[in-house]
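Listed below, chain by chain, are the residues.
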Amino acid sequence: MRGKAGLLVIGDRPLVAETPESLLDDDTTPTARFFVRNNGLLPERTRRPEQWKVAIDGEVEQPLSLSLAELKANFKPVTRRLLIECGGNGRAFFSPRAKGVQWTHGGAGCPEWTGVRLADVLKAARLKPSAVFSGHYGADPRISGSSKKPTMSRGVPIKKLLDDSNMIAWAINGEPLPLLHGFPLRLVIPGWPASISTKWLTRIWIRDRYHDGPGMGGENYRVPVKPMQPGAPADLANLVDLESMPVRSIITRPADTARFAAGTRAIDLRGAAWAGDHRVAHVDLSIDGGATWRQADLATPKNPHDWQRWTARLQFPSDGYFEIMARATDERGVSQPYAVTRWNPHGYGGNSMHRITVSIG
Ligand SMILES: Nc1nc2c(c(=O)[nH]1)N[C@H]1C(S)=C(S)[C@@H](COP(=O)(O)O)O[C@H]1N2
Ligand SMILES: [Mo]
C-alpha cells in the first residue's frame, strides 16, 4: 500500500491494514504508520475541498450546512493528540474464531488532529431537548456500488457526542487528511469504537431516537450483557452497544522475537496504554507468565483521550528465551485479562494482554 510501508494488509476489498506494535513506537503516530479501516470504496477526491459541506440537521433549532472554509473561519481551530481504535481490535484472539477482519493489536493509533470542536458546532446548531442520538454519514460508496444506502452510518448518545474531545478534523499531523483517512473532513470521536469517527463526513443527523443506520443494531458493535457460550448463536436481546473501549497496552520496544547478546541482564522496554474514556492507572510487566510483576513508568497524557506512553527496565536472571507480558489497569481498577473474555459473534472489545518473546544469548 502506497505510503504505508510496514503495515500488514489484513483485507484488500475493502482495504484494511494494521500496524505492527513495533511501528507504534513514536509518541505521536506518523500518518505513514496509522492503521487503515475502510468498509466501502474510497470516494473520489474532491477538487474543491474548501467547498466540501457538512450538514447538521434533525433535532436542532438551527440546521447548518457548513463548508470546510466556513468551519475554518467561524470556529476556533484546535490541535490534539487523540487515539482512535477499531472496535474489532484484538479480534484475532477470540476462540472460536469471531467473524470479521482478524486484527491483532494494531487497529489503533494516536496521531495529532487539527480541526474544530464538534461541541462548538453543535452549540451553533442549538440542539433541541428532543435530541437523544446522532447518525453520521460519509461519502464512501458501498463495495457493491449498487445501493443508495451509505456504506456505514453509526452514531452515539448525545452525551458522548458533546464530549469536549470530539473534533471535526481536516488535518492529521499538520497535513491535510489523506484520502485514505477521510479527506477533506472527518469526525474524530475517541474512546469508543472508531466506526463512529466517520471519514469523508457529509452529515450529522441529530435524532430523537436510537440511530438505525448500517452498522447499528443486530450484532453490530455489540457485546453480551450476560456472558454467552463462545461459538453459540447470539440472543440479540442480550447484546448491547460496545461504548467505551476496554483498557489495553502494547509493547513497542523491543520488537517481538528480538535477540540480545549473551550476558545481557537488563532490557529497556517501551510501550503505550489506553483505556477508552478512562485514564490508565498503571502498566505492569511480567517475564514469568504473570507469577511476578514489575510496574512501568507511565507518562501523563497530553490531553484527554491521548494514549499514555510507558517505559521500563527489566532485569533478566540468565540467558535464555523469555516471554514478556504487558498488562494495563484503568483508573477503576479493571485490568486486561490473560485471554479474551465476553466472546461475541463479531469479536468486539478483545483486550487480552500483548506478549512478545526475546532471546538472550
Ligand atoms: N465513511 C466511513 N467512515 C469510517 C469508516 C468507513 O468505512 N466509512 N470506517 C470506520 C472504522 S470501522 C474505523 S476503525 C475507522 C478507521 O479510520 P482510519 O482508516 O483513518 O484509521 O474509520 C471509521 N470511519
Ligand atoms: Mo473499525
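To be clear, the structure that these remarks concern was listed above.
About the thresholds
- Residues numbered from 1 in each chain as written.
- Chains lettered and ligands numbered in written order.
- Predicted model: local features only at pLDDT ≥ 70, side-chain atom pairs only at ≥ 80, totals over all residues.
- Heavy atoms only, no water.
- Pairing = 2+ DSSP bridges.
- Helix = DSSP H or I, 4+ residues; strand = E, 2+ residues; numbered from the N terminus.
- Near = heavy atom within 4 Å.
- Polar contact = N/O pair within 3.5 Å; in protein donor to acceptor, adjacent residues only side chain to side chain.
- Nonpolar A, V, L, I, M, F, W, Y, C, P; charged D, E, K, R; others polar.
- Buried < 20%, exposed > 50% of the residue type's maximum accessible area, 1.4 Å probe, protein only.
- Phe/Tyr/Trp six-rings, centres within 6.5 Å; stacked < 30°, edge-to-face > 60°.
- Lys NZ or Arg CZ within 6 Å of the ring centre and 35° of its normal.
- Contact = heavy atoms within 4.5 Å.

K.L.:
Would you mind showing me how to read the pairing of strand E1 (residues 8-12) here?
P.N.:
Regular strands place side chains that alternate from one sheet face to the opposite one. Inspection of the sheet shows E1 paired to strand E2 (residues 15-18) by four bridges, in the antiparallel sense. Note that in E2 the partner of Leu-8 across the bridge is Glu-18. Where E1 hands over to E2, the hairpin turn is made up of two residues, counted between the paired strands.

K.L.:
Help me understand the sheet that holds strand E3 (residues 36-37) in this model?
P.N.:
Strand pairing in a sheet takes place through backbone hydrogen bonds and is either antiparallel or parallel in direction. An order of E1-E2-E3 is seen for the three strands of this open sheet, with the pairing classed as antiparallel. Because the sheet does not close on itself, it has two edges, and the strands there are E1 and E3.

K.L.:
Would you mind going over the site of ligand 1 with me for this structure?
P.N.:
The environment of ligand 1 is made up of 18 residues, and the closest members are Phe-35, Asp-140, His-181, Arg-186 and Lys-199. Arg-37 is positioned with one of its backbone polar atoms (N or O) 2.9 Å from an oxygen atom of ligand 1. At 2.7 Å from an oxygen atom of ligand 1 is found a side-chain nitrogen or oxygen belonging to His-181. A class-by-class count of the residues in the shell around ligand 1 yields seven nonpolar, seven polar and four charged.

K.L.:
Is there a simple way to think about unusual backbone geometry in this case?
P.N.:
Trans peptide bonds make up most of the peptide bonds, and negative phi angles are found at most residues other than glycine. Of note, the amide linkage connecting Arg-13 to Pro-14 takes the cis form, showing an omega dihedral of 0°. For Pro-14, the position within the fold is in the loop between E1 and E2. Cis geometry marks the peptide bond from Arg-253 to Pro-254; its omega dihedral reads -5°. Tracing the chain through its elements places Pro-254 in the loop between strand E17 (248-253) and strand E18 (258-260). A positive phi angle, near 50°, is found at Trp-200, a position not held by glycine. Its place among the elements puts Trp-200 in the loop between strand E13 (186-188) and strand E14 (201-207). With phi around 70°, His-305 is a residue other than glycine that occupies positive phi space. Mapped onto the fold, His-305 is located in the loop between strand E22 (297-298) and strand E23 (308-315). Since its relative accessible area comes to 13%, His-305 is described here as buried.

K.L.:
How should the packing of aromatic side chains be read in this particular structure?
P.N.:
The geometry of an aromatic ring pair is captured by two quantities: the separation of the ring centres and the angle between the planes. Following the criterion strictly, the structure yields seven aromatic pairs and no others. Considering the side-chain rings of Phe-34 and Trp-113, the 5.7 Å spacing of their centres and the 75° angle between planes classify their relative orientation as edge-to-face. Note that Phe-34 is positioned in the loop between E2 and E3 and Trp-113 in strand E9 (residues 112-117), a separation of 79 residues in sequence. This pair shows no difference in class: Phe-34 is buried, exactly as Trp-113 is. Aromatic pair Phe-35 and Trp-103: ring centres 5.8 Å apart, planes at 80°, arrangement edge-to-face. Placement of Phe-35 in the loop between E2 and E3 and of Trp-103 in the loop between strand E7 (84-85) and strand E8 (108-109) is noted, with a sequence separation of 68 residues between them. The residues Phe-35 and Trp-103 share a single accessibility class, namely buried. Ring-pair connections join several aromatic residues into one group, and the members of that group are Phe-34, Phe-35, Trp-103 and Trp-113. Lying across the ring of Phe-183, Arg-45 places its NZ or CZ 4.0 Å from the centre. The ring of Trp-307 has Arg-309 lying over it, and the distance from NZ or CZ to the ring centre is 4.7 Å.

K.L.:
Please clarify how the environment of Val-60 should be interpreted in this entry.
P.N.:
Along the chain, Val-60 turns up in the loop between strand E4 (53-58) and strand E5 (64-67). What makes Val-60 buried here is its relative accessible area of 3%. Through-space distance from the C-alpha of Val-60 to that of Ser-359 is 60 Å; in sequence the pair is 299 residues apart. Setting aside residues no more than four positions away along its own chain, Val-60 makes contact with Ala-125, Arg-126, Leu-127, Lys-128 and Ile-206.

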